[in-house]
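# A structural walkthrough
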Amino acid sequence: MIGLPEGITACLFDLDGVLTGTAALHREAWKQTFDAFLRERDGADFQPFTDHDYAAHVDGRPRADGVREFLSSRGIELPEGEPGDRPGTGTVNGVGNRKNDLVLKIISERGVSPYPGSARYLRAAQDAGLAIGVVTSSANGEAVLEAAELTPFVRARIDGKVLADRGLRGKPAPDSFLAGAEALGVQPAHAAVFEDALAGVEAGKAGEFGYVVGVNRADQAEELRAHGADVVVGDLAELLEDGR
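Fair warning: this is a prediction, and the values are worked out from it, not measured in the lab.

## Quick look at the nonpolar core
One finds Leu4, Phe13, Leu19, Tyr121, Phe194, Val213 and Leu236 to be the most contacted residues of the largest nonpolar core, which totals 37 residues. Ranked by the residues each element gives to this core, the list is headed by helix H4 (residues 92-110), at four residues. Discounting chain neighbours no more than four positions away, the residues touching Tyr121 are Ile2, Leu4, Phe13, Phe194, Leu236, Leu239 and Leu240. Counting 23 residues, the second-largest nonpolar core is a separate cluster that includes Ala179, Val201, Ala203 and Val212.

## Some words on the packing of aromatic side chains
Across all of its chains, the model carries eight aromatic pairs by this definition. Measuring from centroid to centroid gives 5.1 Å for Phe34 and Phe49, while their planes differ by 40°, and the two rings are tilted. Residue Phe34 is found in helix H1 (residues 22-42), and its partner Phe49 is found in the loop between H1 and helix H2 (51-58); the two are separated by 15 residues along the sequence. With relative accessibility at 0%, the residue Phe34 sits in the buried group. Owing to a relative accessible area of 3%, Phe49 belongs among the buried residues under this scheme. An aromatic cluster is present here, built from Trp30, Phe34, Phe49 and Phe70 joined pairwise through their rings. Lying across the ring of Tyr54, Arg27 places its NZ or CZ 5.5 Å from the centre.

## Here's the deal with the pairing of strand S2 (residues 131-135)
Counted residue by residue, S2 has five buried out of five residues, so it is predominantly covered. Side chains of S2 alternate between two faces, with Ala131, Gly133 and Val135 and Ile132 and Val134 buried alike. Examined bridge by bridge, strand S1 (residues 10-13) and S2 share four bridges and lie parallel to one another. Each bridged residue has a counterpart across the sheet, and for Leu12 the counterpart in S2 is Gly133.

## A short note on the sheet that holds S2
Strand pairing within a sheet occurs via backbone hydrogen bonds; the two strands may be parallel or antiparallel. Taken in spatial order, the six strands make up an open sheet running S3-S2-S1-S4-S5-S6, and their pairing is parallel. Bordering the open sheet on either side are strand S3 (156-158) and strand S6 (231-233), each of which pairs with just one other strand. Taken over all neighbouring pairs, the strand axes of this sheet differ in orientation by 20° on average, direction set aside. Pairing of S1 with strand S4 (residues 191-195), which is carried by four bridges, proceeds in the parallel orientation. Within S4, the residue paired with Phe13 across the bridge is Phe194.

What counts and how
- For every chain, the first residue of the written sequence is number 1, and numbering continues from 1 onward in sequence order.
- Reporting of local features is limited, given that this is a predicted model, to residues whose pLDDT is at least 70; pairs of side-chain atoms are given and counted only at 80 or more, and all residues count toward the totals for whole chains, interfaces and linings.
- Note: side-chain values were computed over all heavy atoms of the structure, leaving out hydrogens and water.
- Joining through side-chain atoms within 4.5 Å is the link that ties buried Ala, Val, Leu, Ile, Met, Phe, Trp, Tyr and Cys residues into a set, and such a set is a nonpolar core.
- For the exposure calls, accessible area comes from a 1.4 Å probe over protein chains only, and a residue counts as buried if that area is under 20% of its type's maximum, exposed if over 50%, partly exposed in between.
- In this text, helices come from DSSP runs of H or I with a minimum length of four residues, and strands from runs of E with a minimum of two, each type numbered from the N-terminal end.
- Whether two residues are in contact is decided by their heavy atoms: any pair within 4.5 Å suffices.
- Pairing of aromatic side chains here covers Phe, Tyr and the six-membered ring of Trp, requires ring centres within 6.5 Å, and sorts the geometry by plane angle: under 30 degrees stacked, over 60 edge-to-face, intermediate tilted.
- Lysine and arginine charges are scored as sitting over a ring when NZ or CZ, respectively, is within 6 Å of the ring centre and within 35 degrees of the ring normal.
- Note on pairing: two strands pair once DSSP finds at least 2 bridges between them.
- To define axes, lines are fitted to C-alpha atoms, for helices over the stretch in contact only, and angles between the resulting N-to-C directions are given on a 0 to 180 degree scale.

That's the geometry; what it means functionally is another story.
Structure follows, in structure tokens:
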């Protein structure tokens, strides 16, 4: 009993915030990045980056999209620059690369652990014979899975590098989840999406997936439902315990 409807044969998991606690590390790196940018731009009167900003404009999106979305919300537009821009350069890529440097530093210092309930759920899904894929906007997906010792569970990985290589749109567009379903050889109607980000559940809904599980790590259960979650849990182990 893994809490999914009949006919579901595959699971597509977001990574940061669903399988691992690294979403909090990403949020911390984004705050450091944007606060430094805004402080330099606006001086002592700058308005800091908030948890609401993270949920509304950044969480679940590819890095450059998050930079654009947040800065646009503040009426700021930057040139795109180049992917290799020096971290901190006044371009979309430069700001994004500064964030990436920070999150890699934080992960290196603190390590990565899976949520115990998520590890338990992965084992149960694997034992039940379901195909397992990870779909993340992060370009560091492979490294995080390795650090958390979750790679053996994963049959397919669609991450930020794959999105860039294939020119796929990031969440809330469904492209990344559709690519994950294709990689596992299943139709979207037979796959379940597991997401903690509003953009992610919206992507699952837009892709017409068979079931969308919202994981409420940030006290936003109603928002997850409003964006497309069929069910909302605080931890994946609840699906095992409730038998939904």
